[in-house]
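Architecture at a glance
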Amino acid sequence: MSQPLIKKDDDRDDEAEYSPFLGIEKGAVLQEARVFNDPQLDPRKCSQVFALYCLPHFYLQHLVSGFACTEKKKGKEYISEINGFWYAICFQVITKLLYLLNQGETFTKIEATEVFFAVTKLFQSRDIGLRRMVYLMIKELSPSADEVIIVTSSLMKDMNSKTDMYRANAIRVLCRITDGTLLTQIERYLKQAIVDKNPVVASAALVSGIHLLQTNPEIVKRWSNEVQEAVQSRAALVQFHALALLHQIRQNDRLAVSKLVTSLTRGTVRSPLAQCLLIRYTSQVIRESALNTQTGDRPFYDFLEGCLRHKAEMVIFEAARAITELSGVTSCELTPAITVLQLFLSSSKPVLRFAAVRTLNKVAMTHPMAVTNCNIDMESLISDQNRSIATLAITTLLKTGNESSVDRLMKQITNFMSDIADEFKIVVVEAIRSLCLKFPLKYRSLMNFLSNILREEGGFEYKKAIVDSIVILIRDIPEAKESGLLHLCEFIEDCEFTYLSTQILHFLGIEGPKTSDPSKYIRYIYNRVHLENATVRAAAVSTLAKFGALVDSLKPRIFVLLRRCLFDSDDEVRDRATLYLNTLGGDGQVVETDKDVQVFLFGPLDIPLVNLETSLKNYEPSEEPFDIHSVPREVKSQPLAEKKAPGKKPTGLGAPPTGPPSTVDAYERLLSSIPEFSNFGKLFKSSAPVELTEAETEYAVNVVKHIFDGHVVFQYNCTNTIPEQLLENVTVIVDASEAEEFSEVASKPLSSLPYDSPGQTFVAFEKPEGVPAVGKFSNMLRFIVKEVDTATGEAEDDGVEDEYQLEDLEVVAADYMMKVGVSNFRNAWESMGPDFERVDEYGLGPRESLAEAVSAVISLLGMEPCEGTEVVPSNSRSHSCLLSGVFIGNVRVLVRLQFGIDGPKDVAMKLAVRSEDESVSDAIHEIVASG
């Protein structure tokens, strides 16, 4: 059932106007579509249907104006009007069908065919409006090849009609539903249409060419001369579409695009739309030329600057934006663009104000000083009626303002915050956080502002953004710790979000004991035990225990509070209180050392919860206690290669494991059962399957890399996709000439590989023990192929030896690292200690974005991102990323990455590594240095 489209009346807010499509159903509309097939016109029936569907719409025209049907009307006049009513009914039914299709309603093959053939009968109508609806309906139904033939002749007739509207629409429909064979037959007409004097027809042909370029590029590329002629058209839309098509035809030829831009920048483009398109293509040429040339000259800059004086506002803005986005743009080059954008800030048109302030907001991230001249104009936009404009103005001012203007901006923002939606408030909060980090001496006023808005009304995402900002300020500005913690404590007194309350309590347990007076936070924490739901109460108990573990003077008080929690109504709260009393010694028993207690309370859980849950479920009660060290630490993943097409891809292991053990366990059992590999020791890691063949090839092969301390085993999962063949003695010949540290020591061929029955062959290499050796391996599948009688399934006795080239395989540094996350990175980092910490800085060179650089380093190291730090905020100039993992030899590793943009596109990175082994910390730096 479709939803009503409600439009509020200007005067009566309590009244609503509903969509005319309210309540329509597919079955009823398909019944109405039978009107298309009526061979005879029943005047009475037509009048009734007309009154039912069309009377409200045509009431004034047909009744008030005196043209309604009356018995006085005679013969032809009467039938003519009934025909008009019938066309109106058909128009309305097609409208309903199109509505259903665009709402995602699907028609069965039979339904679509019936509607299609019924609609084709409406070609007899000469009504232009109805004919256009018929065109739309045919396009949306996308008829099959055998159905297209039915309408092809009618459409080709319309394509040569004297009515331009028929010609344009027929071209669009034909190009949409025809294949390459029919396209060659109408190619001559399409070429003529491109240079047609009527701009509607020419644009229809050009737009159709843009779509056809995706499916029949060779045909469209033959139209270059006609398209080139259309580029010189005086019609704005024709020139725009022609330029777009011509660029797409030449887009893979960099020299041709450069020549096109060179010829058009001399002033032959009149259409503002085409001019905007040309500016974008010019920017593309500038970017590509900057990568290929080392000179300081910037081609076409004069053209962009000249466009700033164009009479069309859209061209002026497009040129200004293009200049601001140039790689390595200087302040001198920015000045004319900034001047134009500053003028737009005071425009009476909201769209121009929005475009200008958004562009200046982006410029402020890289060239804040260049935007400072616009600050006065942007301050006037804070009170703009358009809240998007006001938000961008404020965030831009926060980026470009100086320390002396912070207090004044805070006063203006305070009045502004109550008038905008949460999504805009989040943007402002993030800008304020950046401003506070930029001017740490102003933390008091900014922290107070965040605290005040935290107590106001708002949704979860908005409150979370504020809490996250306060937490970051506490961590990065030591002077802000105590005031920030108090603000958070005051917030949880009235916090309605369980998640935020538990996260604040968790953070409070880490930072609170480190303050000068930890006792002042105990009251806030214990209040949560009495006044909150069970989840928050349990978190508060854990926080109390952390204070008791770190602050000796508070232990007696903590013990009293924890004993009171033993009578809580919730099982988890009571269990936690009992556990912490036992751990801290509050029940009079002998406790472990202070270090063990802190590791228990603050140490990271370096075991995936899924693996822990699985191991606990499989544990059978016995005299031996559960050993947590027996839980696999590798992140659980699918051990089998996924099929890309049924029967076309290998499935990794012969059969999926029936129980819940991890991937490493399943592979380890398989490898240990092969005598050649049984003495390699404990399996450290198995990679995800790597495809060595394309989809839909004769033989499908992927490989899994099994990493041991001193060996690497390649497991080649093979599938024969040819029913008429049987493969025997299947092996993979591996060339390790580009992997000098590896030497082949064993292999296990596959005796038989029938059709669509996956099998495995193995090749093992020896490498230096504990060393992350890397290399590239070439692979050749070798086998004996025998013909199979598909009727009997029997293979011939004699076979022929054959080979099949596979893709190359690489062993990279990330193969020696397991992705193992930590629940609290800060605690894990501090507990690891600085003994084996190694810190260095690296230049990563030019990158498209900071996000690309972060992703590249994560992939290089193969570690698990922590706390969501792999996500880089848009347009960010700096970012911190936290990684965790276990290096070969079961050595835990933690990494802190700090990225920053140095210059236009160059990215600099500071890498800090802590591990349990000095050589591993050095190895991580060597991987980055050589990567």
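Since we're looking at a predicted model, the values are computed, not measured. (Residues numbered from 1 in each chain as written. Predicted model: local features only at pLDDT ≥ 70, side-chain atom pairs only at ≥ 80, totals over all residues. Heavy atoms only, no water.)

1. With respect to the environment of H706
Where we set the bar: Strands are runs of DSSP state E lasting at least two residues, helices are runs of H or I lasting at least four, and both sets are numbered from the N terminus onward. Only protein chains enter the accessibility calculation, which uses a 1.4 Å probe. A residue is then buried if its area is under 20% of the maximum for its type, exposed if over 50%, and partly exposed in between. By definition, residues are in contact when any of their heavy atoms lie within 4.5 Å. Counted as a polar contact is a pair of N or O atoms within 3.5 Å, where, for protein atoms, one must be capable of donating a hydrogen and the other of accepting one, and residues adjacent in sequence contribute only when both atoms are in side chains.
Summarising the element assignment, H706 is placed in strand 5 (residues 699-707). Since its relative accessible area comes to 0%, H706 is described here as buried. Residues H706 and Y816, spaced 110 residues apart in sequence, show a C-alpha to C-alpha distance of 9.9 Å. In this structure, H706 is in contact with Y667, L671, L683, K685, S686, H711, V712, V713 and Q715, ignoring residues within four places of it in sequence. Here S686 takes part through its side chain, which lies 2.7 Å from a polar atom of the side chain of H706. Here Q715 takes part through its side chain, which lies 2.8 Å from a polar atom of the side chain of H706.

2. Section: the pairing of strand 18 (residues 891-901)
What counts is decided by this rule: The criterion for strand pairing is that DSSP finds at least two bridges linking the strands in question.
Burial analysis of strand 18 places eight of its eleven residues in the buried class, which makes it a mostly covered element. Where strand 17 (residues 878-887) lies against strand 18, ten bridges are found, and the strand directions are antiparallel. In the sheet register, V886 faces strand 18, and the bridge partner there is R892. Hairpin connection from strand 17 to strand 18: three residues lie between these consecutive antiparallel strands, with G889 at a positive phi of about 100°. For strand 18 and strand 19 (residues 906-915), the ladder comprises nine bridges, and the chain directions are antiparallel. What sits directly across from F899, in strand 19, is M909.

3. Details of the environment of G306
Mapped onto the elements of the fold, G306 is located in helix 15 (residues 301-307). Residue class for G306 comes out partly exposed when judged on its relative accessible area of 28%. Sequence spacing of G306 and I316 is ten residues, and the spatial spacing of their C-alpha atoms is 9.1 Å.

4. With respect to the environment of V227
Inspection of the secondary structure puts V227 in helix 11 (residues 224-231). The exposure class assigned to V227 is buried, which follows from its relative accessible area of 0%. Taking the C-alpha atoms as reference, V227 lies 9.8 Å from A202; in sequence the two are 25 residues apart. Every residue in contact with V227, bar those within four places of it in the chain, is listed here: I194, L206, A242, L245 and L246.

5. A closer look at the side chain of S347
Along the chain, S347 turns up in the loop between helix 17 (331-345) and helix 18 (350-366). One polar contact links the side chain of S347 to the main-chain amide nitrogen of K349, over a distance of 3.1 Å. Contact partners of S347, with chain neighbours within four places excluded, come to L352 and R353.

6. Side note on the nonpolar core
Test applied: Among buried residues, the Ala, Val, Leu, Ile, Met, Phe, Trp, Tyr and Cys ones that are joined through side-chain atoms within 4.5 Å form a nonpolar core.
Counting 194 residues, the largest nonpolar core has F36 and L97 as its most contacted members. Setting aside chain neighbours within four positions, we find L97 in contact with V29, L30, A33, F36, F107, V115 and M137. Core analysis: the second largest hydrophobic core is formed by 65 residues, L753, I888, V920 and V928 among them.

7. Thoughts on a negative patch on the surface
Test applied: Candidate patch residues must exceed 30% relative accessible area and have no salt bridge, after which like charges are joined if within 9 Å and Val, Leu, Ile, Met, Phe, Trp or Tyr side chains if within 5 Å. We get accessible surface area from the Shrake-Rupley algorithm with a probe of 1.4 Å; when it comes to residues, only the shown protein chains can shield them. Throughout this description, the term salt bridge denotes a Lys or Arg side-chain nitrogen within 4 Å of a carboxyl oxygen of Asp or Glu. In this tally, Asp and Glu contribute negative charge and Lys and Arg positive charge; neither His nor the terminal groups of the chain are included. A charge is said to be at NZ when it belongs to Lys, at CZ for Arg, at CG for Asp and at CD for Glu.
Together, E724, E787, D789, E794, E796, D797 and D798 make up a negatively charged patch on the protein surface. Within the fold, E796 resides in the loop between strand 11 (775-787) and strand 12 (800-805). When its relative accessible area of 46% is taken as the criterion, E796 is described as partly exposed.

8. Side note on helix 24 (residues 443-454)
The following threshold applies: Multiplying 1.5 Å by the residue count of a helix minus one yields the expected span of that helix.
Between its terminal C-alpha atoms helix 24 stretches 16 Å, which fits the 16 Å expected from twelve residues at 1.5 Å a residue. Looking only at helix 24, the buried set comprises Y443, L446, M447, F449, L450, S451, I453 and L454. Check the buried side of helix 24 and you find it contacts helix 22 (406-417), helix 23 (422-438), helix 25 (460-476) and helix 26 (481-492).

9. What to know about the state of the cysteines
Rules: Any pair of cysteine sulfurs within 2.5 Å is marked as a disulfide.
Tallying each qualifying case throughout the model produces zero disulfides. Summary of cysteine pairing: C881 is not part of a disulfide, and the nearest cysteine sulfur, belonging to C866, is at 8.3 Å.

10. What about the packing of aromatic side chains?
Test applied: Any Phe, Tyr or Trp ring, taking Trp's six-membered ring, that has another such ring centre within 6.5 Å forms a pair; planes under 30 degrees apart are called stacked, those over 60 apart edge-to-face, and the others tilted. Think of it as a cone above the ring: NZ of Lys or CZ of Arg counts as a charge over the ring if it is within 6 Å of the ring centre and within 35 degrees of the ring normal.
Considering all chains together, one arrives at 14 aromatic pairs under this definition. Relative to F680, the ring of F677 has its centre 5.7 Å away and its plane inclined at 35°; by these criteria the two rings are tilted. Cluster of aromatic residues (ring-pair linked, three or more members): F714, Y716, F742, F765 and F777. Above the ring of Y189, the side-chain terminus of R188 is found at 4.6 Å from the ring centroid. Just above the ring of W829 sits the side chain of R896; from NZ or CZ to the centre is 5.0 Å.

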